[in-house]
Amino acid sequence: MVKAMEPRIIPRTGHNISRKQVSPNALRTLYRLHQNGFIAYLVGGCVRDLLLERTPKDFDIATDATPGQLKRLFRNCRLVGRRFRLAHLHFQDEILEVSTFRADAPSAEADTEETDRHHRRPPRHLKDEDGMVLRDNVFGTPEEDALRRDFTINALSYNIADFSLIDYTNGLGDLEQRLIRPIGDPYVRFTEDPVRMLRAVRFAASHNLVIEPATWEILCELSSNISRAAPARLYEEILKLFLLGSAQPIFHLLDKCGLLDALFPRLSEWLHTSSHHLTLMSINLESLDQLYRNRIPLPPPLCLATLFGPALEEAALARDRDGIPHLQALDEACTSFLGELCQIVTIPARVGGRMRGILAFQPGLRRMPPRRPSSMARRPEFADALTYLRLMAAAKEENRTPLEWWDAFLLDPSSAMSSETAIPGAPEKGRKKRRRRRRHSPKTAT
Ligand code: ATP
Ligand code: MG
């Protein structure tokens, strides 16, 4: 366990966080807690982001009020979480997370299953034999709450009582040097929770920070441990890695430290068979980030298609050459790829199915002129499939004609309806396809 040190208190005059930057709901909640005699801090990523002059994704609050007290104090409160009870305060356009200060898991000897069994209650902290935390649900002091956090820059608190900052771990110093440093021994902290390695890479790439060199070495050494994290949790983390506008730099850092290979072994193998693959991936992810910056919605299946699509399409092409029809080959490639991937990361069946849909749609979109474009455009996967085509067209500088055709169609469908009927052999609208009788040529006399 990390030892507490005297906190550094930075008064309002010594930092740049202003209440104007805090969401009004969070501010009201902090005041309400304070007026009722509770400690109320803004904590975690929002304090870090405000100090870096970035817009926080969300505002988290920590307090000494228990979940029960929170429930009584706030009518819009719902208690969630099995591992640790948290309060969610529901506002019209925002959900605030309010958590009671909690303590880190003590060393394995101090709180083993054995001792707890002796006391006939479930263990509050539980680690497996390698030190990974399996359960962790104990209230703590504000110091303990700061010290159980992952990185020093994520352990700063903003105190509503006097608008000061509280720093137990020299998070401010690290923030000034733009360093990501775990609280305590990096080896222990990454072993307790391997997901922290992904978080380190995410913050480094998205916030333009550097992982402290000794920590980086340990991260590279432990990267293969990521597969020990719960597959469902890894899926959630992967969405955060690739859907929030920094997919490209994050991907390269994951590749560099070995996390990519541990998470997606097949993709990593494909990536390194040709420098062209690496360039293609880089361009595609940069385009994905551009879509995020342009506020285009990025659904998870599109993210997966961007990551895995080129490798899967290439695998399907190889099967095509063996005479297997393309869609069947693609389907087989997806089944085998997703089957292997799901052993490490849970891809929900619905999301995997949609990803297949996007890829299976591509030949239809590329076919010029397309068959029945209006009915294609009504299909649920159409928008994502077209975005995928757009990404690939930008990267490979091909498929421009289909893209232009579809863009024109979306602007003025009627002009394309005529080309729909112009497809040789395609049934015309409103007319039933008639079966033609085969004409037998008269037998020639021999
Ligand atoms: P962002 O929300 O911008 O992705 P964040 O740092 O706020 O970044 P959250 O997942 O919202 O990330 O977590 C809130 C805070 O909880 C973190 O800042 C950190 O202090 C703590 N935290 C989150 N995950 C862990 C973890 N795996 N181990 C220890 N502390 C964690
Ligand atoms: Mg957050």
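A. Broad picture of the side chain of Gln-362. You can see Gln-362 is positioned in helix H17 (residues 349-366). Residue Gln-362 is classed as buried on the basis of its relative accessible area of 1%. Residue contacts for Gln-362: discarding those within four places in its chain leaves Glu-313, Ala-385, Tyr-388 and Leu-389.

B. Highlighting the environment of Lys-256. Inspection of the secondary structure assignment puts Lys-256 in helix H11 (residues 247-257). Put simply, Lys-256 and Cys-220 are 36 residues apart on the chain and 8.3 Å apart in space, counted from C-alpha to C-alpha.

C. Just the packing of aromatic side chains, in detail. For the structure shown, the criterion picks out 10 aromatic pairs. Considering the side-chain rings of Phe-308 and Phe-337, the 4.9 Å spacing of their centres and the 55° angle between planes classify their relative orientation as tilted. In this pair, Phe-308 is assigned in helix H15 (residues 300-321) and Phe-337 in helix H16 (residues 326-341), connecting sequence segments 29 residues apart. Taken individually, Phe-308 and Phe-337 each receive the classification buried, so the pair is uniform in this respect. Ring plane angle 80° and centroid distance 5.0 Å describe the contact between Trp-405 and Trp-406, whose orientation is recorded as edge-to-face. Per residue, the accessibility class of Trp-405 equals that of Trp-406, and both read buried. In this structure an aromatic cluster arises from ring pairing among Phe-361, Phe-382, Trp-405, Trp-406 and Phe-409. Sitting over the ring of Phe-203, Arg-48 keeps its end group 4.4 Å from the ring centre.

D. Fine view of the site of ligand 1. Arg-48, Lys-57, Asp-193, Arg-196 and Arg-202 are the nearest of the 16 residues found near ligand 1. Note that an oxygen atom of ligand 1 is positioned 2.9 Å from one of the side-chain N or O atoms of Arg-48. For ligand 1, whose accessible area on its own is 590 Å², the fraction buried by protein is 83%. Every element with two or more residues in the shell around ligand 1 is listed here: helix H2 (45-51) and helix H8 (195-207). Looking at the shell around ligand 1, the element that brings in the most residues is H8, giving 4 residues. When its residues are assigned to classes, the shell around ligand 1 shows 1 nonpolar, 3 polar and 12 charged. Of the residues that make up the shell around ligand 1, three or more belong to each of domain 1 (1-103 + 139-184) and domain 2 (193-291).

E. Molecular detail of the environment of Ser-287. Its place among the elements puts Ser-287 in helix H14 (residues 275-293). A residue is classified by how much of its surface remains accessible, and Ser-287, at 16% relative accessible area, is buried. When neighbours within four sequence positions are excluded, Ser-287 is seen to be in contact with Leu-391 and Ala-394.

F. How the structure looks around the confidence of the model for the protein. Chain-level pLDDT for the protein is 87 on average; 84% of the residues reach the 70-or-more range. Counting contacts from residues 420-436, a segment whose pLDDT is below 50, to residues more than four positions away or on other chains yields 12 contacts. In the predicted structure, residues 439-446 sits below a pLDDT of 50 and forms 0 contacts with residues beyond four places in sequence or in another chain.

G. Looking closely at the pairing of strand S2 (residues 40-43). Residue alternation in S2 divides its side chains into two sets, Ala-40 and Leu-42 and Tyr-41 and Val-43, and both sets are buried. As judged from the 4 bridges shared by S2 and strand S3 (residues 60-63), these two strands associate in the antiparallel manner. By the bridge assignment, Val-43 is partnered in S3 with Asp-60. Relative to strand S9 (residues 157-159), S2 runs antiparallel, the two being bridged by 3 bridges. Looking across to S9, one finds that Val-43 is bridged to Ser-157.

H. Representation of the sheet that holds S3 in the model. Strand order in the open sheet formed by 8 strands is S1-S10-S9-S2-S3-S6-S5-S4, with mixed pairing between adjacent strands. Two strands lie at the open edges of the sheet, namely strand S1 (8-10) and strand S4 (77-80), each paired on one side alone. Across the sheet, the mean angle from the axis of one strand to that of its neighbour is 30°, orientation sign disregarded.

I. Structural detail: H17. With 18 residues, H17 extends 26 Å between its outermost C-alpha atoms, agreeing within 8% with the 26 Å of an ideal straight helix rising 1.5 Å per residue. When H17 is considered as a whole, its buried residues turn out to be Val-351, Gly-352, Met-355, Gly-357, Ile-358, Leu-359, Phe-361, Gln-362 and Leu-365. In the core, the buried residues of H17 are packed alongside helix H10 (231-242), H15, H16, helix H18 (373-378), helix H19 (382-396) and helix H20 (400-411).

J. Expanded view of the nonpolar core. Ranked by internal contacts, the top residues of the largest apolar core, which has 118 residues, are Leu-33, Phe-242, Phe-264, Phe-308 and Val-345. Formed by 10 residues, the second largest nonpolar core is a distinct cluster that contains Tyr-41, Val-43, Ala-146 and Ile-166.

K. Up close: unusual backbone geometry. Cis geometry is found at the peptide bond from Met-368 to Pro-369, where omega equals -10°. Of note, the phi angle at Glu-53 is positive, near 60°, even though the residue is not glycine. Mapped onto the secondary structure, Glu-53 falls in the loop between H2 and S3. Of note in the backbone geometry, Asn-170 takes a positive phi value of approximately 60° without being a glycine. Within the fold, Asn-170 resides in the loop between strand S10 (164-167) and helix H6 (171-176).

L. Fine view of the pattern of salt bridges. Applying the stated criterion across every chain yields a total of 14 salt bridges. A salt bridge links Arg-266 to Glu-340; its shortest N-O distance comes to 3.2 Å. Of this pair, Arg-266 sits in helix H13 (residues 265-271) while Glu-340 sits in helix H16, and the two are 74 residues apart along the sequence. Looking at Glu-340, the relative accessible area reads 40%, which means it is partly exposed.

Criteria and thresholds
- Residues numbered from 1 in each chain as written.
- Chains lettered and ligands numbered in written order.
- Predicted model: local features only at pLDDT ≥ 70, side-chain atom pairs only at ≥ 80, totals over all residues.
- Heavy atoms only, no water.
- Helix = DSSP H or I, 4+ residues; strand = E, 2+ residues; numbered from the N terminus.
- Buried < 20%, exposed > 50% of the residue type's maximum accessible area, 1.4 Å probe, protein only.
- Contact = heavy atoms within 4.5 Å.
- Phe/Tyr/Trp six-rings, centres within 6.5 Å; stacked < 30°, edge-to-face > 60°.
- Lys NZ or Arg CZ within 6 Å of the ring centre and 35° of its normal.
- Near = heavy atom within 4 Å.
- Polar contact = N/O pair within 3.5 Å; in protein donor to acceptor, adjacent residues only side chain to side chain.
- Areas by Shrake-Rupley, 256 points an atom, 1.4 Å probe, with all protein chains shown as cover.
- Nonpolar A, V, L, I, M, F, W, Y, C, P; charged D, E, K, R; others polar.
- Domains from an automatic or database assignment.
- pLDDT = per-residue confidence, 0-100.
- Pairing = 2+ DSSP bridges.
- Axes fitted to C-alpha atoms, helices over the stretch in contact; angles between N-to-C directions.
- Expected span 1.5 Å × (residues − 1).
- Core = buried A, V, L, I, M, F, W, Y, C linked by side-chain atoms within 4.5 Å.
- Salt bridge = Lys/Arg side-chain N within 4 Å of Asp/Glu carboxyl O.

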